[in-house]
Amino acid sequence: MRANLSGTSFPSELRDLLQRRLGELEKQLLKKVSNLEQEKSQLSNATAAYRLKTESTLNALVERISELEKGGGDFKSPEQFKLSLPQRTNYLYGRITKTLPEMYAFTLCMWIKSSASPGVGTPFSYGVPGQANEIVLIEWGHNPIELLINDKVAQLPLEVRDGKWHHICISWTTRDGQWEAYQDGEKLGTGDNLAAWHPIKPGGVIILGQEQDVVGGRFDAGQAFVGELSQVNIWDRVLKPVEIQSIANCSSYLAGNVISWLSSNVEVFGRGAFKRPLEICLERLPNL
């Protein structure tokens, strides 16, 4: 009887033991696979970060060598420089190293010089995750200059394709989506219902010279800016007309309280794009 009982219980105990061992081995294997996948992901991220750092360093070296070859000197003051983008490509551009906070109003001002045709391209674009066209200033083809906010569009009555320096400012407030457009200190247009009640989202990427199809990249050469930019400043409020006029007629310089035009804030990418010294008011108004 003992023999029969042990004979009937032993296979069941062995089966349970084997199942437990197999279960433990399966857990160990899954854990090992998970660890290997995590290590692979970390290695891939480290490789990508190293590649980006290397490319950034090489771009900086190429820019500095080109400046030395062409006699580029130090700027007289941190804001007295221009960004030059002389060709319509998808690899020449500037990038602002700072980003925007959440904003319920803003004023964007810049000096711009271009004779590109058709259309000067995209002097300014700000993209955030989920919305590459959070703020875009673009003139492409034979269309007028357009302001895009959250992919909503307003056409601006600005004309800057004569190869001369022009000072432009665009102000906007989320309240009723009201906007104003200034050129050389004069208000040329107003409107409303442009992305009304939409707050500008924070933490995005500011690109000078290219339109972003994804945040920070996927540029289209057909929409690239060709020309020169200087003193690109952003405030988190609507500037008063007298403030805009004083900047445009060179009676004062007002730095943006959100983004200010400083050499240390502007990175340049692509061989052929440069930062150059510029005394904007001497060139814009030589008789002063």
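Residues numbered from 1 in each chain as written. Predicted model: local features only at pLDDT ≥ 70, side-chain atom pairs only at ≥ 80, totals over all residues. Heavy atoms only, no water.

In the annotation of an unreviewed UniProt entry, the chain is listed under the name Neuronal pentraxin-2 and assigned to Ilyodon furcidens. Here the chain is described in UniProt, under the heading Cofactor (unreviewed entry), as follows: "Ca(2+)". (UniProt positions renumbered as here; feature names shortened; annotations may be inferred.)

Asker: Where do I start with the overall build of the chain in this structure?
Answerer: Of the regular secondary structure elements, the chain holds three helices and 14 strands. Scored against the burial criterion, the 288 residues of the chain give a buried share of 44%. Considering only residue pairs separated by 6 or more positions, the chain has 69% of its internal contacts joining residues 24 or more positions apart. Of the roughly 15600 Å² of accessible surface on the chain, a fraction of 53% belongs to carbon and sulfur atoms. (Helix = DSSP H or I, 4+ residues; strand = E, 2+ residues; numbered from the N terminus. Buried < 20%, exposed > 50% of the residue type's maximum accessible area, 1.4 Å probe, protein only. Contact = heavy atoms within 4.5 Å. Areas by Shrake-Rupley, 256 points an atom, 1.4 Å probe, with all protein chains shown as cover.)

Asker: Just to check I follow, could you spell out the environment of G204 for this structure?
Answerer: Positionally, G204 belongs in the loop between β10 (186-191) and β11 (205-208). Using a relative accessible area of 10% as the deciding quantity, one classes G204 as buried. Put simply, G204 and V215 are 11 residues apart on the chain and 7.3 Å apart in space, counted from C-alpha to C-alpha. In this structure G204 touches T99, Y126, G127 and V128, once residues within four positions along its chain are discounted.

Asker: Sorry, what's going on with a nonpolar patch on the surface here?
Answerer: A cluster of nonpolar side chains, contributed by L14, L17 and L18, occupies part of the molecular surface with about 260 Å² of accessible area. By relative accessible area, L14 is classed as partly exposed at 38%. (Patch = residues over 30% accessible without salt bridge, like charges linked within 9 Å, V, L, I, M, F, W, Y side chains within 5 Å. Salt bridge = Lys/Arg side-chain N within 4 Å of Asp/Glu carboxyl O.)

Asker: What am I meant to see in the packing of aromatic side chains here?
Answerer: For any pair of aromatic rings, the description rests on two quantities: the centre-to-centre distance and the angle between the ring planes. Tallied over the entire structure, the rule returns four aromatic pairs. Where F81 meets W261, the ring centres are 4.4 Å apart and the plane angle is 10 degrees; that geometry is what we call stacked. Taken together, the residues span a long stretch of sequence, with F81 in strand β1 (residues 81-85) and W261 in the loop between α2 (241-248) and β13 (266-269) at a distance of 180 residues. Between the aromatic rings of Y93 and F219, the centroid separation amounts to 4.9 Å while the plane-to-plane angle is 65 degrees, which identifies the pairing as edge-to-face. Highlighted residues: Y93 in strand β2 (residues 93-96) and F219 in the loop between β11 and β12 (227-235), separated in sequence by 126 residues. One aromatic cluster is present, formed by Y93, F219 and F269 through successive ring pairs. (Phe/Tyr/Trp six-rings, centres within 6.5 Å; stacked < 30°, edge-to-face > 60°.)

Asker: Explain the state of the cysteines here, please?
Answerer: By definition, a disulfide is the covalent link that joins the sulfur atoms of two cysteine residues. The final tally for this structure, using the stated rule, is two disulfides. A sulfur-sulfur distance of 1.9 Å marks the disulfide that ties C109 to C169. Across the S-S bond of C109 and C169 the torsion is about 115 degrees, and the bridge reads as right-handed. Of this pair, C109 sits in strand β3 (residues 105-113) while C169 is found in strand β8 (residues 165-173), placing the two residues 60 residues apart along the sequence. (Disulfide = S-S within 2.5 Å.)

Asker: In this structure, what is going on with the side chain of K82? I would like to understand it.
Answerer: Mapping K82 onto the fold places it in strand β1. Residue classification places K82 among the buried residues on the basis of a relative accessible area of 14%. In this view, K82 contacts W165, E228, L229, S230, W261, F274, K275, R276, P277 and L278; residues no more than four positions away in its chain are not counted.

Asker: Teacher, can you tell me more about the nonpolar core here?
Answerer: A general tendency of soluble globular proteins is for nonpolar side chains to be buried together. By size, the foremost hydrophobic cluster in this structure holds 44 residues, and its most contacted members are L100, F124, L156, I206 and L208. It is β3 that contributes the most residues to this core, four residues altogether. If we ignore the near neighbours within four places in the chain, the residues touching L100 are Y126, I135, P202, G203, I206, I234, V258 and I259. (Core = buried A, V, L, I, M, F, W, Y, C linked by side-chain atoms within 4.5 Å.)

Asker: Explain unusual backbone geometry to me, please; I cannot follow it from the model alone.
Answerer: If a residue is not glycine, its phi is most likely negative; likewise, a peptide bond is most likely trans. In this structure, P118 follows S117 across a cis peptide bond, with omega equal to -5 degrees. With respect to the secondary-structure elements, P118 resides in the loop between β3 and β4 (121-128). Positive phi values are uncommon outside glycine, yet W197 reaches one of about 65 degrees. Within the element layout of this structure, W197 appears in the loop between β10 and β11. Take W197: its relative accessible area is 55%, and that puts it in the exposed class.

Asker: Can you walk me through the sheet that holds strand β7 (residues 152-155) in this structure?
Answerer: The strands making up a sheet associate through hydrogen bonds between their backbones, and the pairing can be parallel or antiparallel. Spatially, seven strands are ordered β7-β6-β5-β4-β11-β2-β13 in an open sheet, and the strand pairing comes out antiparallel. The outermost strands of the open sheet, each flanked by one partner alone, are β7 and β13. Strand-to-strand twist in this sheet, taken as the mean axis angle between neighbours without regard to direction, amounts to 20 degrees. (Pairing = 2+ DSSP bridges. Axes fitted to C-alpha atoms, helices over the stretch in contact; angles between N-to-C directions.)

Asker: Mind showing me how you'd approach the environment of G189 here?
Answerer: Mapped onto the secondary structure, G189 falls in strand β10. In sequence terms G189 and W179 are 10 residues apart; their C-alpha atoms lie 8.3 Å from each other. Discounting residues that sit within four places of it in the chain, G189 has contacts with P157, W179, E180 and A181.

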